[in-house]
Structures are given as structure tokens and as C-alpha cells.
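Spelled out from the first residue to the last, the chains are:
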Amino acid sequence: MATIIGLVGSPRDGNTKALVVAALSEAEAAGLTTELVHLGRMSIAPCKACDRCQKEDRCVEEDDFQKVAAKLDGAQGVVIGSPVYFGGVSAQLKAFMDRTRYIRRKELLKDVVGGAIAVGAARNGGQETTIQQIHNFFFIQGMIVVSDEATLHYGGTGCAKKKGEVERDKEGLETSRNLGRHVASVVKKLSG
Ligand SMILES: Cc1cc2nc3c(=O)[nH]c(=O)nc-3n(C[C@H](O)[C@H](O)[C@H](O)COP(=O)(O)O)c2cc1C
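Structural notes, computed from the coordinates.

How each quantity is defined
Residues numbered from 1 in each chain as written. Predicted model: local features only at pLDDT ≥ 70, side-chain atom pairs only at ≥ 80, totals over all residues. Heavy atoms only, no water. Helix = DSSP H or I, 4+ residues; strand = E, 2+ residues; numbered from the N terminus. Rg over C-alpha atoms; globule rule 2.2 N^0.38 Å. Buried < 20%, exposed > 50% of the residue type's maximum accessible area, 1.4 Å probe, protein only. Contact = heavy atoms within 4.5 Å. Salt bridge = Lys/Arg side-chain N within 4 Å of Asp/Glu carboxyl O. Axes fitted to C-alpha atoms, helices over the stretch in contact; angles between N-to-C directions. Parallel < 35°, antiparallel > 145°, perpendicular 65-115°, else oblique. Left-handed = near helix turned anticlockwise from the far one by under 90°. Nonpolar A, V, L, I, M, F, W, Y, C, P; charged D, E, K, R; others polar.

Helix and strand counts for the protein chain come out as 6 helices and 6 strands. Taken from N to C terminus, the helices and strands of the protein chain fall in the order β-α-β-α-β-α-α-β-α-β-β-α. The C-alpha atoms of the protein chain give 15 Å as radius of gyration, which agrees with the globular expectation for 192 residues (16 Å, within 12%). Dimensions of the protein chain, computed from C-alpha atoms along their principal axes, come out at roughly 45 × 40 × 20 Å. Taking all 192 residues of the protein chain together, the buried fraction comes to 51%. Here the contacts in the protein chain between residues at least 6 apart in sequence split such that 78% fall between residues at least 24 apart.

On to the pattern of salt bridges. According to the stated counting rule, one finds 16 salt bridges in the structure shown. Note that D64 and K67 form a salt bridge whose closest N and O atoms lie 3.1 Å from each other. D98 is the salt-bridge partner of K94, the closest N and O atoms lying 2.7 Å from each other. Taken together, the positions of K94 and D98, both in helix α3 (residues 91-98) and 4 residues apart, correspond to about one turn of that helix. Residue K94 is classed as partly exposed on the basis of its relative accessible area of 33%. Classification of D98 as partly exposed rests on a relative accessible area of 32%. Taken together, the shared-partner salt bridges in this structure form one network comprising R52, E56, R58 and E62.

Closest axis-to-axis distance for the helix α1 (residues 15-29)/helix α6 (residues 170-190) pair is 7 Å, and the angle between their directions is 40°. When the interaxial angle is binned, α1 and α6 end up oblique. The interaxial crossing formed by α1 with α6 has right-handed handedness. In this structure, α1 contributes L19, A22, A23, E26 and A27 to the contact, and α6 contributes G172, L173, S176, R177, G180, R181 and A184. Residues that form the contact of α1 with α6 fall into these classes: 6 nonpolar, 3 polar and 3 charged.

Below, the structure is given as C-alpha cells:
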């Protein structure tokens, strides 16, 4: 059965996680299996540019990156959520992205379906630029990028500051659910 992996880029058990869970529940409702990975709470060091991944088919740094990479292996869809930090993704998520160079070289994520979610404290706080950064990652990995199914806008866009506040953010929840449905429907179409 097709699997969708949800990556949470926040170090908090907070708003980003709630929206990624909302997206994954729609994929579950569509009959797919899902798994949530709280990347932002894991220990993933930044890329040191040692370039060994250009010869060896892995990142040689031994930390939690290896656990996340193993989860992505064989996934048909990936939902990535990040809090907005200064208009972009969290450092934890960026560290993970930079470590995936060998994944790109090996084209391990090519044609996997990707959807993005961002939560910022301000309504216009950089949700779109953060989502765009995640979309760039998807594009550069050769993935199939999908939008919010209903509005065809960027993806899940949340507006919340304190932990848990997003539960009252109707738009954030709705756009994240729409995104989860779209990821699931494209995965299903691709798996015939
Ligand atoms: C280091 C840092 C930078 C932030 N920068 C922004 C920002 O540029 N725009 C914004 O709207 N919110 C910003 N915020 C607020 C968070 O995006 C917001 O609180 C969000 O709900 C956090 O998600 P979480 O609960 O999943 O951690 C920032 C928060 C932190 C800790």
C-alpha cells in the first residue's frame, strides 16, 4: 500500500505538527498509510560539504539523518511542514535538506509526490516564501509538487503564534487538509 511520510520541521510539539497531522489524516481517509516523523526534535547536524556523498551512496555523518532517510525510502508521497523562521524554513529542516545530496544524485525521490505546509505567527509572515523553499527542495529532487486541492494555492498556510493556537486557525487547518487530499489523490493516480 502507498505510504505518505509527514516531516515536521519544528522543534516544538506545536502548530506545524498539528497541520501535518491534519494533512496526513486526509491521506489516511483516502485509504493510504501514513507515518509522522518529528524531524525537528531529532539530532541532525548541518552538511559539512565533505563531498563523500558524491562517491559513496549515503551521507557518512552518523546521526538521526539516517533514520529519516530510511523512512523516506519507498515512500510515494511526502508532506513537509515548517514553522516560518525569518521568512524561511527552520534550521533543523534546512540541515536535513542539505544532507540529501546523495538522494538527489541517486534520484531516490524522483516522481514522489510532495506537498508543503508553513505556519507563521503573522498572517503575512512568510508562509509563502517558506513553502517556496520547500517546493524548491521538491523540484530539485525531481518530485511532483502539488498544491491545495480546493484553492490551487501554495499548500497548507497556518497563522498561529503560541503552541496549539493553530487549532483555532480554520484556514490553516483547511488548506492543510486540502493539501493532504491532493497529495493522496495524485499518489493514487500514479499507482494506477
Ligand atoms: C526563531 C523564530 C523565528 C520566527 N520568525 C517568524 C517569521 O519570520 N514570521 C512569522 O510569521 N513568524 C515567525 N516566528 C513565529 C513562528 O513561526 C510561530 O510561532 C509558529 O506557530 C511556530 O510553529 P510551531 O508551533 O510548530 O513551532 C518565528 C519564531 C521563531 C522561534
